[in-house]
Amino acid sequence: AKQREWLVDCYRMRIDDDMVYNGRIHGLYDSERTSTSIASDFLVFCKLAIKRQALPSNWNWKAFLSTASGLLNYAFEKSDAREKYGGENVFRSFMGGRSLRYTGEIIYGSGIQSTVLDKDHTKVDMAIDDAFEQHDEETFAARPELFEDVGGHAIWEDLMWKTTN
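Throughout what follows, the structure given in this document is the object of discussion. Just so it is clear, the structure is predicted and the values come from calculations on it, not from any experiment.

**Structural notes on unusual backbone geometry**
Turning to step 1, where the next piece is worked out: Positive phi values are uncommon outside glycine, yet Gln53 reaches one of about 55°.
Turning to step 2, where the next piece is worked out: You can call Gln53 exposed: its relative accessible area is 71%.

The structure is reproduced here in structure tokens:
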């Protein structure tokens, strides 16, 4: 359970860092957010985590999204990481430890101060944005194939309903 929560916190800290360090507004911080836009932004993160092989092979998507549903509506910044995990330093990973920021950089393919998305991030982001252009429930339900590698459409639909704006 802690592993799942840690990875959700990695995502939440990254969207906070993106807003603070490069002005990229997405996820919870988007002023026009909906439950679908939050879920689709998190879907980008999850698909990139698969692409970057950042997840164990036996990853339990249902349990992970159940954990995420209780956290995605809440901000998470470095001070929260220090309080919850006893620290957060991107260089910790070079000394054998874990870092939320470093893991986010691996998953997204760019650092927190980068204003340019890497090629894979751009490709995944565009595919999901195209699929969810209206960020509404009907569009979300119309593309179940997008969820095959992340646990299936039903659990993502459940996440969307639990992630209120």
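**Points about helix α1 (residues 2-22)**
Turning to step 1, where the next piece is worked out: Its 21 residues place the ends of α1 29 Å apart at the C-alpha level, agreeing with the 30 Å of an ideal helix rising 1.5 Å per residue.
Turning to step 2, where the next piece is worked out: Immediately beyond the C-terminal end of α1, within one or two residues, lies Gly23, with a positive phi of roughly 75°.

**Topic: the nonpolar core**
Turning to step 1, where the next piece is worked out: With 42 residues, the main nonpolar core has Phe42, Phe45, Phe64 and Trp156 as its most contacted residues.
Turning to step 2, where the next piece is worked out: For this core, the secondary structure elements donating two or more residues are α1, α2 (35-51), α3 (61-69), α5 (100-108), α6 (119-131) and α8 (153-162).
Turning to step 3, where the next piece is worked out: In terms of residues, this core owes the most to one element, α2, which gives 9 residues.

Rules of the game
Residues numbered from 1 in each chain as written. Predicted model: local features only at pLDDT ≥ 70, side-chain atom pairs only at ≥ 80, totals over all residues. Heavy atoms only, no water. Buried < 20%, exposed > 50% of the residue type's maximum accessible area, 1.4 Å probe, protein only. Helix = DSSP H or I, 4+ residues; strand = E, 2+ residues; numbered from the N terminus. Expected span 1.5 Å × (residues − 1). Core = buried A, V, L, I, M, F, W, Y, C linked by side-chain atoms within 4.5 Å.

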